[in-house]
Amino acid sequence: FKATLKNSFVVASSVTIISLLVGSLASYALVRIKFPFRQGFLIGILGTRMIPEVSLVIPLYIIAAQIKWINSPKILIITYLSFALPFAIWLMAAFFQTVPIELEDAARIDGCSRLRTLFQIIMPIAAPGLVSTALFVFLTAWDEFFFALIFTSTIAAKTVPVAIAEFTGRYVVDVTGMMTGGVFAALPPVILSLIFQRYIVSGLTAGAVKG
C-alpha cells in the first residue's frame, strides 16, 4: 500500500504541475491575445470534457501497448492530463479575467515581455485562483479509478483507488484493510486543504461580487 501511495502522489503531482504550467500559458493567451475563433477554441476545450471516458479506453490502451507504457505511471499522467488540462485552462482563464488589464499595460510600458508579465505580475495576483485550480486538479488525479484500473496491474504503477478496491475478494471483504486504506488515502487531500484553506476560500469567492 505504501508503494501505491507513492505512485498516486507522483502521478497527481506531475499532472498538477504540468496542468498549471501549460494551462497558465494557454489561459492567458486565450484571455489577453485576440485571434480568430478564440471563443470557438474555448468551447472546443470545454467540449473535450463531454467525451465519455469509456469511449477512449480501447484506443488509449492500444497506443499504450504499442509504446510499452502499460503498467507505467507515464500513461496515467498523459491520460489524466487529457481531462485535467481543459479543466485547469477554463478555471485559470476565469481568474485571469479578473486581473485589471491596466497592470499589464503598465508592465509593458516598463519593458516587461508577456511571459515576464504573466509570471511576475499576473500569477501572484491570481494566486488564490491558481491554488484552487491546483487543488482541484490534484484531487481529480488522486481519486481517478477507471483508467488506473485498466492501465495498471502491477505494484509498480497501481494507485491508491485500485489498491483499496483490491481489498474486496471473491468470497471475502477485508473491511479493516479497506477502511484503513481509505483513511490513509484521505489524509493528503485533507492536509492540503487545511494548509491552503485561505487561498481556496479566496479563489472560490473571487468574482462572486462585482464592483
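These numbers were taken from a predicted model, which means no experiment stands behind them.

1. Observations regarding the packing of aromatic side chains
Here is step 1: With the rule as written, the count across this model stands at nine aromatic pairs.
Here is step 2: When the ring of Tyr28 is compared with that of Phe96, the centres are 6.4 Å apart and the planes differ by 80°; the resulting orientation is edge-to-face. Taken as a pair, Tyr28 in helix 1 (residues 2-32) and Phe96 in helix 4 (residues 73-96) lie far apart in primary sequence, 68 residues in all. Judged on exposure class, the residue Tyr28 and its partner Phe96 are both buried.
Here is step 3: By way of ring pairs, the aromatic residues Tyr61, Tyr80, Phe83, Phe146, Phe147 and Phe151 are connected into one cluster.

2. Side note on the side chain of Asn7
Here is step 1: Along the chain, Asn7 turns up in helix 1.
Here is step 2: Polar side-chain contacts of Asn7 include one of 2.9 Å to the backbone oxygen of Lys158.
Here is step 3: Ignoring sequence-local partners within four residues, the contact set of Asn7 consists of Ile155, Ala156, Ala157 and Lys158.

3. Re the nonpolar core
Here is step 1: Judged by nonpolar contacts, the single largest core of 35 residues is most densely connected at Val15, Leu76, Tyr80 and Phe96.
Here is step 2: Here this core takes eleven residues from helix 4, the largest share from any one element.
Here is step 3: Within the second largest apolar cluster, five residues are counted, among which are Leu30, Leu42, Ile45 and Leu85.

4. Things to note about the packing of helix 1 against helix 4
For any two helices packed against each other, one specifies the inter-axial angle together with the distance between the axes.
Here is step 1: Contact pair helix 1 / helix 4: the axes reach a minimum separation of 7 Å and the direction vectors enclose 40°. Viewed along their axes, helix 1 and helix 4 adopt a mutual orientation that is oblique. For the pair helix 1 and helix 4, the sense of crossing is right-handed.

5. Some remarks on a nonpolar patch on the surface
Here is step 1: A cluster of nonpolar residues, Phe1, Val183, Phe184, Leu187, Ile191, Ile195 and Phe196, forms a patch on the protein surface that exposes about 620 Å² of accessible area.
Here is step 2: Structurally, the position occupied by Leu187 is in helix 10 (residues 175-195).

What counts, and where the lines are drawn
Residues numbered from 1 in each chain as written. Predicted model: local features only at pLDDT ≥ 70, side-chain atom pairs only at ≥ 80, totals over all residues. Heavy atoms only, no water. Phe/Tyr/Trp six-rings, centres within 6.5 Å; stacked < 30°, edge-to-face > 60°. Helix = DSSP H or I, 4+ residues; strand = E, 2+ residues; numbered from the N terminus. Buried < 20%, exposed > 50% of the residue type's maximum accessible area, 1.4 Å probe, protein only. Polar contact = N/O pair within 3.5 Å; in protein donor to acceptor, adjacent residues only side chain to side chain. Contact = heavy atoms within 4.5 Å. Core = buried A, V, L, I, M, F, W, Y, C linked by side-chain atoms within 4.5 Å. Axes fitted to C-alpha atoms, helices over the stretch in contact; angles between N-to-C directions. Parallel < 35°, antiparallel > 145°, perpendicular 65-115°, else oblique. Left-handed = near helix turned anticlockwise from the far one by under 90°. Patch = residues over 30% accessible without salt bridge, like charges linked within 9 Å, V, L, I, M, F, W, Y side chains within 5 Å. Areas by Shrake-Rupley, 256 points an atom, 1.4 Å probe, with all protein chains shown as cover. Salt bridge = Lys/Arg side-chain N within 4 Å of Asp/Glu carboxyl O.

Everything listed here is a matter of geometry and, on its own, says nothing about what the molecule does.
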